[in-house]
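Inside the fold
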Amino acid sequence: MSVIRCVLSIFFYTINTLFWFVPIFICGLIKLIPIKPLQKLMSWLAKQCATVWVSGNSVNQNIFAPYKLNVTGLEQLQAKDWYLVIANHQSWVDILVMQRIFNRRIPFLNFFLKKELIYVPFLGLSWWALDFPFMTRTSKSQLKKNPKLRGKDLETTRKACEKFKEMPVSVVNFVEGTRFTAEKHQRQNSPFEYLLKPKAGGVAFVMQAMGEQISKVVNVTIHYPGGIPSFVDFASGRVKCIDVRVEVMDVSPNLIGDYTNDADFRVNFQAELNQIWLQKNQQLAQFESQVKS
């Protein structure tokens, strides 16, 4: 039965994606015409199409892979504000869950993606048309070999955020930088039992580029009581319950500064982020204790 569920679920995900890919991609092509009002209209229209696409995915989940979604903290959200959304990252399922709970509650979610993901069939071009930023991360070893690359990540982020200033948007950052696995956790020697170490750079660059425009920071904690699922697990209906805690936080002035050149600000920013991560780890520990009790 789970195999049939999986096949049907993935089939309808595919049909829904292909159907909405066409108008979203066309909007992206029209945005290449250098007429500002037209570009703004096409951006709005593309996001409206993407919103209906997400709604279709949610219907698919309800029919072929229903699950109980326990969510708290959505009351303060509004569709006309600018948000920075930070979350722990365990599975590709995280994205489907976040799209579902925030759909039509806040502006459409824009994720920072690795540049290689633009080559994902259909989805990559859809993300491009929706103005998802494609990032090239500069490692410490690369900076040592070529110091001229310092600040390139910030410049890429700043250019991406310029597009976000014209209409309300929700900028999503998976602060750990990668999905949680036991191997990565051990390799990092992470001090957080249920999380990888938070990477401050991405969040700091967004705040530096558009901090005064961000209305709130939305802190999302996702927990899977049955263990971290794969997309196939999810599509097969094996995920029976998902816990999500949403905390809406004011934008602290301590989060806005020159992360690249101000060493004191960089240390303080990382300390604040570590504190948020400590609280997130405690929340995950509470979820785990509820599962065991």
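Residues numbered from 1 in each chain as written. Predicted model: local features only at pLDDT ≥ 70, side-chain atom pairs only at ≥ 80, totals over all residues. Heavy atoms only, no water.

Quick look at the nonpolar core
Rules: Nonpolar cores were defined as sets of buried Ala, Val, Leu, Ile, Met, Phe, Trp, Tyr and Cys residues, with membership established by side-chain atoms within 4.5 Å. Each residue is placed in one exposure class: buried if its accessible area under a 1.4 Å probe, protein chains only, is under 20% of its type's maximum, exposed if it is over 50%, and partly exposed if it falls in between. Only heavy atoms enter the contact rule, under which two residues are in contact if any of them lie within 4.5 Å.
Core analysis: the largest hydrophobic core is formed by 45 residues, its most contacted members being V85, M98, F102 and I242. If we skip the residues at most four places from it in the chain, F102 touches L74, L77, V85, L109, V218, V220 and V246.

Details of the sheet that holds strand β3 (residues 109-111)
What counts, and what does not: Note: two strands are recorded as paired if DSSP finds a minimum of 2 bridges between them. For helices the rule is a DSSP run of H or I covering at least 4 residues; for strands it is a run of E covering at least 2, with both sets numbered from the N terminus onward. Orientation is described by lines fitted to C-alpha atoms, with helices fitted over the stretch in contact, and by angles between N-to-C directions that extend from 0 to 180 degrees.
Strand order in the open sheet made by the six strands is β1-β8-β7-β2-β6-β3, with mixed pairing throughout. Only two strands of the sheet have a single neighbouring strand rather than two, namely β1 (68-72) and β3. For this sheet, the mean inter-axis angle between neighbouring strands, taken without regard to orientation, is 25°. Where strand β2 (residues 83-87) meets strand β6 (residues 170-174), five bridges bridge the pair, whose relative direction is parallel. Residue pairing in the sheet places V85 in a bridge with V172 of β6. Strands β2 and β6 of the sheet are contacted by helix α8 (residues 200-210), whose axis makes an angle of about 175° with β2. Running over the sheet, helix α10 (residues 263-292) touches β2, β7 (216-223) and β8 (241-250) and is turned about 30° from β7.

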